[in-house]
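Residue-level listing of the chains:
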Amino acid sequence: MKALHFGAGNIGRGFIGALLSGAGYEVCFVDVVQEIVDEINRRREYVVEIADSGHEKIKVSGVRAINGQDTDAVATEMLEANLVTTAVGPHVLKLIAPTIAKGLTERVKTNSQPLNIIACENVVGGSSILKEHVYQHLDESVRKKVDELVGFPVAAVDRIVPLQKHEDRLLVTVEPFYEWVVDQSKIVGEVPEIAGITFVQNLEPYIERKLYTVNTGHATAAYLGYHFGYETIDQALQDQYIRDVTKQAISETSRLLVAKYAFDPEQQAQYVHKIMNRFSNPHLSDEVTRIGRSPIRKLGPSDRLVGPAVQSLNYGIMPEHLCIGIAAALLFDYDKDPEAVSIQKTIKEKGLAETIHHYTKIGQDSPLFSIIMEKFDQLNHMR
Ligand SMILES: NC(=O)C1=CN([C@@H]2O[C@H](COP(=O)(O)OP(=O)(O)OC[C@H]3O[C@@H](n4cnc5c(N)ncnc54)[C@H](O)[C@@H]3O)[C@@H](O)[C@H]2O)C=CC1
Ligand SMILES: O=P(O)(O)OC[C@H]1O[C@](O)(CO)[C@@H](O)[C@@H]1O
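This one's a predicted model, so the numbers in the text were calculated from it and none came from an experiment.

Peer 1: Requested: an account of the overall build of the protein chain, with residues and values cited.
Peer 2: Scanning the protein chain from N- to C-terminus turns up 17 helices and 12 strands. Against the compact-globule benchmark of 21 Å for 383 residues, the protein chain has a radius of gyration of 21 Å, which places it among compact chains. Here the protein chain holds 383 residues, and the buried ones make up 56% of them. Sequence separation of 24 or more characterises 71% of the internal contacts of the protein chain that already satisfy a separation of 6 or more. When the accessible surface of the protein chain is split by element, carbon and sulfur atoms take 48% of a total near 16600 Å². For the protein chain, the centre of its 40 positive side-chain charges and the centre of its 50 negative side-chain charges are spaced 2 Å apart.

This is the structure in structure tokens:
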């Protein structure tokens, strides 16, 4: 069985590639960083280290890689692949779509075996977004065949993999916990038996639970941590104010998730408890600037902060602490992050009110609007 995986980065090597290799797949990575591609091909293996007191080292063997700019090589790999996965970042999906479309166009000429393409990104509907981009590059006749033979099941992936700072460029340190949930209803052909993937009939509750609990809490702690001068997430969470706001923000999303999807409140509370412990893992050094990266994406209307805040109103929940998270994201003035720079420029040129509406789409008529304005002001005075 062959898996073609786009993105030999932290989640690619540290989670998806390692899990698929362990499940017996021959994994071929596609990346655009030639040094990583060369290093994988030179060694054909790498090590994943588990960040806990045991520091277990797991060897991932039999892997290879190709450069994504070599679209002919990628298309050739797609001819016989049994599974295609991605972990490139939500904004990159449209960039890899033409290559995937080229591969599918070639593949359906000779191969009538079904193929599933799973985007493993922190976004609601990642595989559907990818599918839309891919279809824009397919001829009408090819689309019909792809409709029949190719599935784009959506997925939720959860494993904290911080920035890697090892001499060994392929070594990747990961937290012990992982979860990969895939929408079975969109699988074309037989459901593959892959140890470590949970298949469900409706992914929406799972992706919202993951994004609006893990990522909401992480983002809230990261933006507040940055604001108050902490470097890593475990340092930030030792600050009582940050810890309290983070817990309250996740408790607001928990109330939303329980009301919307009828999750068992006790199980959700345990889920939250486990997540707070994962954030504080002393064996991981996870920078607040990584978790806060791309604040424009993270302030998007359905992403981890604004998405649950807006939805909460429909369930009679006033998400005051999520608004603190949103305000802290608007204060994220990290000059090495181009999205943070854009937000700060917009605030300077157009003012806070217009900036809030521009990025979050929250209107002045929403009760959230004035709370965000107020929290922004309060945080500014607390520094
Ligand atoms: N790091 C984490 O803890 C988690 C990350 N995720 C999601 O996984 C995705 C990847 O995140 P990370 O692995 O952390 O990022 P990363 O930056 O470590 O990896 C992304 C990889 O994609 C490669 N890439 C960029 N453009 C490409 C292209 N056109 N073709 C092929 N490869 C390309 C990059 O060179 C890089 O190696 C994101 O959507 C992220 O939200 C999800 C759960 C956890
Ligand atoms: O990968 P993104 O969407 O930029 O966000 C980083 C977040 O994703 C994770 O890497 C895992 O979900 C968290 O560590 C962090 O909250």
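Peer 1: Which residues make up the domain arrangement of the protein chain, and what are the values?
Peer 2: Along its sequence, the protein chain is organised into domain 1 (2-201) and domain 2 (205-382). Taken over C-alpha atoms, the centre of domain 1 sits 28 Å from the centre of domain 2. Taken together, the 27 residues of domain 1 in the interface contact 24 residues of domain 2. Between domain 1 and domain 2 the total buried area reaches about 2000 Å² when both faces are included, carbon and sulfur atoms providing 61% of it. When the area that domain 1 buries against domain 2 is broken down by residue, the three leading residues are Asn122, Val124 and Ile160, summing to 27%. Taken together, domain 1 and domain 2 are joined by three salt bridges. Among the ionic pairs, aspartate 158 bridges to arginine 278, the shortest N-O distance being 2.8 Å. There are seven residue pairs in polar contact (both at pLDDT 80 or more) connecting domain 1 and domain 2.

Peer 1: Residues and numbers for the UniProt feature "binding site: NAD(+)" (unreviewed entry) in the protein chain, please.
Peer 2: Sites flagged by UniProt as "binding site: NAD(+)" (unreviewed entry) map to Ala3, Leu4, His5, Phe6, Gly7, Ala8, Gly9, Asn10, Ile11, Gly12, Arg13 and Gly14. Not counting residues within four places of it along the chain, the set of residues in contact with histidine 5 comprises Gly12, Ile16, Cys28, Phe29, Val30, Thr85, Thr86 and Ala87. Engagement of the side chain of histidine 5 in a polar contact is seen with the backbone oxygen of glycine 7, the distance being 2.9 Å. Checked against the element boundaries, asparagine 10 lands in helix α1 (residues 10-22). Take asparagine 10: its relative accessible area is 21%, and that puts it in the partly exposed class. For asparagine 10, the residues in contact, after removing those within four places along its chain, are Phe15, Val161, Pro162, Leu163, Gln164 and Val172.

Peer 1: I'd like a description of the site of ligand 1, backed by residues and values.
Peer 2: By nearness alone, 24 residues border ligand 1, and Asn10, Ile11, Asp31, Glu121 and Val161 come closest of all. Within the backbone of valine 161, one N or O atom sits 2.8 Å away from an oxygen atom of ligand 1. When the free accessible area of ligand 1 is taken as 820 Å², the share hidden by the protein chains comes to 83%. Among the elements of the structure, α1 and β2 (26-31) are those that each provide at least two residues to the shell around ligand 1. Its residues assigned to classes, the shell around ligand 1 shows 14 nonpolar, five polar and five charged.

Analysis parameters
- Throughout this description, residue numbers start from 1 for each chain and increase along the sequence as written.
- Ligands are numbered from 1 and chains lettered from A, in the order in which they are written.
- Only residues with pLDDT of 70 or above have their local features reported here, since the model is predicted, and side-chain atom pairs are shown and tallied only from 80 upward, although totals for entire chains, interfaces and linings are computed over all residues.
- In computing side-chain properties, one takes all heavy atoms of the structure into account and sets aside hydrogens as well as water.
- The helix and strand labels rest on DSSP assignments: H or I over at least four residues marks a helix, E over at least two residues marks a strand, and numbering proceeds from the N terminus.
- To get the radius of gyration, use the C-alpha atoms; to get the globule rule, take the number of residues to the power 0.38 and multiply by 2.2 Å.
- Using a 1.4 Å probe on the protein chains alone, a residue whose accessible area is under 20% of its type maximum counts as buried, one over 50% counts as exposed, and one in between counts as partly exposed.
- Here a residue-residue contact requires only that any non-hydrogen atoms of the pair lie within 4.5 Å.
- Computed with the Shrake-Rupley method and a 1.4 Å probe, the accessible areas treat only the protein chains shown as cover for residues.
- Positive charges come from Lys and Arg alone, negative charges from Asp and Glu alone, with His and the N- and C-terminal ends not counted.
- Where a charge lies is defined by one atom per residue type: Lys uses NZ, Arg uses CZ, Asp uses CG and Glu uses CD.
- Start and end points for every domain follow an automatic or database-based domain assignment.
- Note: buried area is the sum, over both parts, of the accessible area (probe 1.4 Å) each one loses when the two are combined.
- Note on definitions: salt bridges are taken to be side-chain nitrogens of Lys or Arg within 4 Å of carboxyl oxygens of Asp or Glu.
- We define a polar contact as two N or O atoms separated by no more than 3.5 Å, with the added condition that, inside protein, one atom must be a possible hydrogen donor and the other a possible acceptor, whereas residues neighbouring each other in sequence contribute only through side-chain atom pairs.
- UniProt positions are given in the numbering used here, feature names are shortened, and annotations may be inferred rather than shown by experiment.
- Here a residue is near a molecule or strand as soon as one of its heavy atoms is found within 4 Å of it.
- Charged residues are taken to be Asp, Glu, Lys and Arg, nonpolar residues to be Ala, Val, Leu, Ile, Met, Phe, Trp, Tyr, Cys and Pro, and polar residues to be all remaining types, Gly included.

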